[in-house]
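# Analysis of the macromolecular model
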Amino acid sequence: LFRSAVSTGVFRVVSPGEAEGQQFSMNAGDGLGIPPCPYCHLPAGPRRVIFAHLDLVGNCRERFTNVFVDSLDSLLLASGMGPKSAFLYPRVVEATWRRRTEPFTGTPWTGQRACGVESAESPVLDDLWDMDYLHRWLVGKGTLGLLPWDVLSHGAARPRMDLVLKINDDHGPCASNITNREFQYFGELFQVGRFACVNDRYSSHVVDWARAAAAVEEAYRTHPPHRDLVVGLQFYWVEGPERLRLSPFRYSSFRHAQYYPSVFQGLRLHASVHAAAREFL
């Protein structure tokens with residue numbers, strides 16, 4: 001029971017009327033700000049469910065801190081996905097910018113260097129964060145922890161994403177009818193089996209967790225049991241618990257996300273960062 005509670009969420013009272021009978025169920029949404037594992041109740045399924053945060057190397061990318069927070073919200077979601085789940089080493093897009101001297105014309109999403117980006121790369125964050133510590137934190141959450149990106153390339157011409165969850169039109173329309181296409185993430189081509197548009201109907205920056213859970217559960221039910229199911233999270237500028245926790249009054253109203261446990265519990269700066277800081281000071 002304890003292992004199940006750790007892997008799928010935290011306890012909550014089902015209803016006030018049932019409190020006297022001490023009947024409880026698990027709901028990660030109440031304690032973590034994320035949905036409970038959508039497939040953990042199913043007896044069979046893929047060998048592993050591997051989650052990966054996805055982003056693009058291209059025009060109009062945000063500053064490092066903004067895309068970094070996007071990756072934290074993806075990591076938060078994956079941390080509650082149960083004992084079959086793992087997360088690929090987090091990567092973000094790091095861009096070099098130049099100051100604009102000419103005004104914008106039309107939409108900033110078109111044109112070469114439209115937003116002032118000169119070049120970009122997508123480093124794994126293992127030079128910044130202690131990945132061993134993050135791995136142990138994820139394992140403590142009841143998951144398989146971190147996996148390297150090369151697990152996607154074994155026996156395949158291209159790395160594959162079986163399902164990609166999107167919330168906006170970044171890198172193509174947010175539509176669920178796009179299947180078996182090649183798309184480029186982090187400057188590398190991936191074969192994508194299917195997209196699912198899981199944004200809230202009122203905002204292209206908010207995840208509808210019910211839609212996301214339904215898409216993952218459907219993919220889990222129909223995926224070959226001998227293969228890993230790989231789920232990409234293309235959450236660009238997502239207004240998730242981690243971002244709202246940093247700015248609880250962002251929209252002039254109180255947000256309860258600040259009370260959720262944060263992914264920062266699993267992050268410790270790499271030893272090389274501490275060494276550089278001591279040398280500088």
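Structure report, in brief. Predicted model only: the values in this text are computed from it and were never measured. Per chain, residues are indexed from 1 in the order of the written sequence. The predicted origin of the model limits local features to residues at a pLDDT of at least 70 and limits the giving and counting of side-chain atom pairs to 80 or more, whereas totals for whole chains, interfaces and linings rest on all residues. Neither water nor hydrogens contribute to the side-chain values; these are computed over all heavy atoms in the structure.

## Looking at the overall build of the protein
Short version of the rule: Put simply, DSSP H or I for four residues or longer makes a helix, DSSP E for two residues or longer makes a strand, and each gets a number counted from the N terminus. Contacts are residue-level and defined by heavy atoms, with any inter-residue pair within 4.5 Å sufficient. Values of accessible area rely on a 1.4 Å probe in the Shrake-Rupley scheme; residue burial ignores everything except the protein chains shown.
Tallying secondary structure elements over the protein gives seven helices and 11 strands in all. Relative to all contacts within the protein whose residues are 6 or more apart in sequence, the contacts with residues 24 or more apart total 71%. By element, 54% of the accessible surface of the protein is carried by carbon and sulfur atoms, the whole surface being about 14300 Å².

## Topic: the packing of aromatic side chains
Our working rule: Only centres within 6.5 Å qualify two rings of Phe, Tyr or Trp (six-membered ring in Trp) as a pair; their planes then separate them into stacked at under 30 degrees, edge-to-face at over 60, and tilted for everything else. When a residue's accessible area, from a 1.4 Å probe over protein chains only, is under 20% of the maximum for its type it is buried; when over 50% it is exposed; and in between it is partly exposed. The rule for a charge over a ring is simple: NZ of Lys or CZ of Arg within 6 Å of the ring centre, and within 35 degrees of the ring normal.
Under the defined criterion, the tally for this structure stands at seven aromatic pairs. Centroid distance Phe 68 to Phe 264: 6.5 Å. Interplanar angle 75°. Geometry classified as edge-to-face. With Phe 68 in helix H3 (residues 64-78) and Phe 264 in the loop between helix H6 (241-246) and helix H7 (271-280), this residue pair connects regions lying 196 residues apart in the sequence. Since its relative accessible area comes to 9%, Phe 68 is described here as buried. Grouped by ring-pair contacts, the aromatic residues Trp 149, Tyr 185, Phe 186 and Phe 190 constitute a single cluster. Directly above the ring of Trp 149 sits Arg 91, whose terminal nitrogen or CZ lies 4.8 Å from the centroid. One Lys or Arg, Arg 243, reaches over the ring of Trp 237 and ends 4.3 Å from the middle of that ring.

## What to know about the environment of Arg 48
Here is the rule we go by: Nitrogen and oxygen atoms within 3.5 Å of one another constitute a polar contact, given that in protein one can donate a hydrogen and the other can accept it, and given that sequence-neighbouring residues count only through two side-chain atoms.
Here Arg 48 shows up in the loop between helix H2 (28-32) and strand S3 (49-53). In this structure, the C-alpha to C-alpha distance between Arg 48 and Lys 84, residues 36 residues apart in sequence, is 5.0 Å. The contact partners of Arg 48, leaving out residues within four places of it in the chain, are Lys 84, Leu 144, Leu 147, Arg 227, Asp 228 and Leu 229. Polar contacts involving the side chain of Arg 48 include one to the side chain of Asp 228, which spans 2.8 Å.

## Points about the state of the cysteines
Quick note on the threshold: Criterion for a disulfide: a pair of cysteine sulfur atoms within 2.5 Å.
Within this structure, the stated rule accounts for two disulfides. Note that Cys 37 is cross-linked by a disulfide to Cys 40, the S-S spacing being 2.1 Å. The S-S bond linking Cys 37 to Cys 40 shows a torsion near 90°; that makes this disulfide right-handed. Linked covalently through their sulfurs, Cys 174 and Cys 197 form a disulfide whose S-S length is 2.0 Å. Disulfide Cys 174-Cys 197: the torsion about the S-S bond is 105°, which places it as right-handed. In this pair, Cys 174 is assigned in the loop between strand S8 (160-166) and strand S9 (179-185) and Cys 197 in strand S10 (residues 188-197), connecting sequence segments 23 residues apart. Comparing Cys 174 with Cys 197, the two get one shared label, buried.

## Observations regarding the pairing of strand S11 (residues 229-234)
Here is the rule we go by: By the convention used here, strands pair only if DSSP detects at least 2 bridges between them.
Counting buried positions along S11 yields six of six residues, so the element is predominantly enclosed. Going residue by residue along S11, you find Leu 229, Val 231 and Leu 233 tucked away on one face and Val 230, Gly 232 and Gln 234 tucked away on the opposite face as well. When S3 meets S11, the two strands line up parallel, connected through five bridges. Looking across to S11, one finds that Ala 52 is bridged to Gly 232. In the sheet, S8 pairs with S11 via four bridges, with the strands oriented parallel. Bridge pairing links Lys 166 to Gln 234 in S11.

## Quick word on the pattern of salt bridges
Under the convention used in this document: Salt bridge, as used here, is a side-chain nitrogen of Lys or Arg placed within 4 Å of a carboxyl oxygen of Asp or Glu.
The final tally for this structure, using the stated rule, is nine salt bridges. For the salt bridge of Asp 162 with Arg 160, the shortest nitrogen-to-oxygen distance reads 2.9 Å. The class for Asp 162 is buried, based on a relative accessible area of 10%. On the basis of relative accessible area, Arg 160 is assigned to the partly exposed category, the value being 29%. With a shortest N-O distance of 3.1 Å, Asp 162 and Arg 227 are connected by a salt bridge. Within this pair, whereas Asp 162 is found in strand S8, its partner Arg 227 is found in the loop between helix H5 (209-222) and S11, the two being separated by 65 residues in sequence. Owing to a relative accessible area of 33%, Arg 227 belongs among the partly exposed residues under this scheme. What emerges from the salt-bridge pattern is a single network uniting Arg 47, Arg 48 and Asp 228.

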